[in-house]
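Below, each chain spelled out in residue letters.
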Amino acid sequence: MTLRIGIDVGGTNTDAVVLDAADRVVAKAKRPTTQDVTGGLRAALDAVLAELTPDRRAAISRVMLGTTHATNAILERRNLGRVAVLRLGAPATTSVPPLADWPDDLRKTVSAGEAILPGGHYVDGRPISPLDLDAVRRFLDRASGAQAVAVTSVFSPADAEHERVVGELAEREYGLPVSLSHEIGSLGLLERENATVLNAALYGVAAQVTRALVTALAERGIGARPYLAQNDGTLMTVEHATRLPVSTIGSGPANSLRGAAFLSGVRDAIVADVGGTSTDLGVLAGGFPRESAAAVEIGGVLTNFRMPDILAIALGGGTVVRDGSIGPDSVGYRLAERGRMFGGDVLTMTDAGVHGGRMADVPATWDRSALHGLEPQAVRALALADTMIFDAVDRMSLGRADRPLVAVGGGAFLLPGDIPGVSGVIRPEHAEVANAVGAAIALASGRADTILPAGARVEGIERAKEEARAKAVQAGADPGRVEIVDLMEVPLSYLAEPTVRLHVRAAGPLAT
């Protein structure tokens, strides 16, 4: 028998589960998230390990982690590396310099110098200008204190040759790690460049996370192979994560969606993950999260790497209730100290939900009498919360009413049993740790995003499929079990010849 552990770090709680070879939950735990993130991770890991016998501990083969380390580093401007930012595209693109729209404090923290040098390609693959490697060397010589290099070439999703040449030069002659934009983002120069720079700035954070995870497992005598969750609901090896750490941003909502699909057995649904501070709503399409088509802002920076299409509203178990309003503030992980029924002085949505009969089994230690005199506020709060949920579901459903809603998360009891716009409400077993389950059952994946002339469409699609399969194997998938799970073609207008943008995603179970 082999076991695997899934861990997900949320803003309020860190959840952990242990699954057996038949995908049954054999242990689960929820612990408060700590400010340094790692402390809560270790506490949740220790809690599930305490439920296992020594023989079962020895059977743990894999540990999957979804973490907020990278997100927190960007939001707090902490532990970020200095990056030499290089764009290949001159004389084009010079009117908008790199990092022009970044917040000043983040730019000062990250940038070790920026330059726009000759290179890059047009959309049809023709070079804009010859690559000038001597100019690249002069720039890197001036980029004092750089700990990494970010290289973005115009239309590199169509032709990445210039990025690869410059990347090899920086690694070979300067010994610096390199972040290449064609591996990270898609079409959209500025957003792809932003994501590439953030990725390079996170190399140090990624090394700390992987080292902390590997050390925590070694200290507990666990020889399992670790993986990190990506923001599309799939996994990657720690080696892959150290090269593409920006892919871990947003992995929490993706884990919740995948966990909801697994626990409910439903492949097409709306998912509401109710935590301590917020409710995240997303859509399952074929068992995977529906991806956002819009640029994603992280720490004040617009990026275009893949992210689930998530609508977050300020409604959670710790949301503060006031007379006539709820939130947006929350007591978060201090709910057990500050909530009225726990002896605190703050009326929360958990108090309102219990008063409204939304929780089936209320622990005997919770003091309902603490709500005396506050009943009208609790009733109004629950009505306001229902309205927020109804509006959010309406926005995510896009007019379709034939899909169920899967309710997960520790605060899922707050959701009413009848919600307009969905065919029903499903509350699966172990819903409170769905995000950790999602991390534990996730596949490894890879993708290709390129531009093809119509005349080379058939050959181009096959090349893109092979590239996506190779990236999935690189992320940790079993080479013999990788499948193409998504293929999308989008015609591009106003070009000299018919051209399509091609997006291919491959996924498969982890290699043994």
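Here's a quick rundown of the structure. Just so we're clear, the structure is a prediction, and the values are computed from it rather than from any experiment. (Residues numbered from 1 in each chain as written. Predicted model: local features only at pLDDT ≥ 70, side-chain atom pairs only at ≥ 80, totals over all residues. Heavy atoms only, no water.)

1. What to know about the packing of aromatic side chains
Which entries qualify depends on this criterion: In summary, the pairing rule links any two rings of Phe, Tyr or Trp, Trp by its six-membered ring, whose centres are within 6.5 Å, and it sorts them by plane angle into stacked for under 30 degrees, edge-to-face for over 60 and tilted for everything else. The way it works is that DSSP assigns letters per residue, a run of H or I at least four long becomes a helix, a run of E at least two long becomes a strand, and they are numbered from the N terminus. Think of it in three bands: residues with accessible area under 20% of the maximum for their type are buried, residues over 50% are exposed, and the middle band is partly exposed, with areas taken using a 1.4 Å probe on protein chains only.
Scanning the model with the defined rule gives one aromatic pair in all. Ring centres of Phe342 and Trp366 lie 4.9 Å apart, and the angle between their planes is 70 degrees; on these two criteria the pair is classed as edge-to-face. Of this pair, Phe342 sits in the loop between helix H11 (335–338) and helix H12 (349–355) while Trp366 is found in the loop between H12 and helix H13 (375–397), placing the two residues 24 residues apart along the sequence. Judged by relative accessible area, Phe342 falls into the partly exposed class, the value being 26%. Judged by its relative accessible area of 19%, Trp366 falls in the buried class.

2. Side note on the packing of helix H10 (residues 251–264) against helix H14 (residues 434–441)
Helix packing geometry: the angle between the two helix axes and the distance between the axes. To be explicit about the condition: To define axes, lines are fitted to C-alpha atoms, for helices over the stretch in contact only, and angles between the resulting N-to-C directions are given on a 0 to 180 degree scale. For classification purposes, angles smaller than 35 degrees are called roughly parallel, those larger than 145 roughly antiparallel, those between 65 and 115 roughly perpendicular, and all remaining angles oblique. By the convention used here, residues are in contact when the closest approach between their heavy atoms is within 4.5 Å. Throughout this entry, Asp, Glu, Lys and Arg are counted as charged residues, while Ala, Val, Leu, Ile, Met, Phe, Trp, Tyr, Cys and Pro are counted as nonpolar. The remaining residues, Gly among them, count as polar.
Packing of H10 against H14 leaves a shortest axis separation of 6 Å and a crossing angle of 85 degrees. When the axes of H10 and H14 are compared, the pair comes out roughly perpendicular. Packed against H10, whose contacting residues are Gly252, Asn255, Ser256, Arg258, Gly259, Ala260, Phe262 and Leu263, the element H14 presents Ala434, Asn435, Val437, Gly438, Ala439 and Ile441 at the interface. Grouping the amino acids of the contact of H10 with H14 by side-chain chemistry returns seven nonpolar, six polar and one charged.

3. Observations concerning the side chain of Asn304
Inclusion rule: Any pair of nitrogen or oxygen atoms within 3.5 Å is treated as a polar contact; in protein, a donor-acceptor pairing is required on top of that, and neighbouring residues in sequence qualify only through side-chain atoms on both sides.
Summarising the element assignment, Asn304 is placed in the loop between strand S15 (301–303) and strand S16 (311–313). A relative accessible area of 16% places Asn304 in the buried class. Here Arg192 takes part through its backbone nitrogen, which lies 3.4 Å from a polar atom of the side chain of Asn304. Excluding residues that lie within four positions of it along the chain, Asn304 makes contacts with Gly185, Ser186, Leu187, Gly188, Glu191 and Arg192.

4. Remarks on the sheet that holds strand S7 (residues 148–153)
To summarise the sheet geometry, strands pair through backbone hydrogen bonds and adopt either a parallel or an antiparallel arrangement. Filter applied, for reference: At least two DSSP bridges between two strands are required for those strands to pair.
Across the sheet, which stays open at both edges, the four strands sit in the order S6-S5-S7-S8 with parallel pairing between neighbours. Edge strands, defined here as strands with exactly one partner in the open sheet, are strand S6 (111–118) and strand S8 (178–180). Averaged over all adjacent pairs, the angle separating strand axes in this sheet is 20 degrees, with direction ignored. Strand direction decides the pairing type here: S7 and S8, joined by three bridges, are parallel. Paired with Val151 across the bridge in S8 is Leu180.

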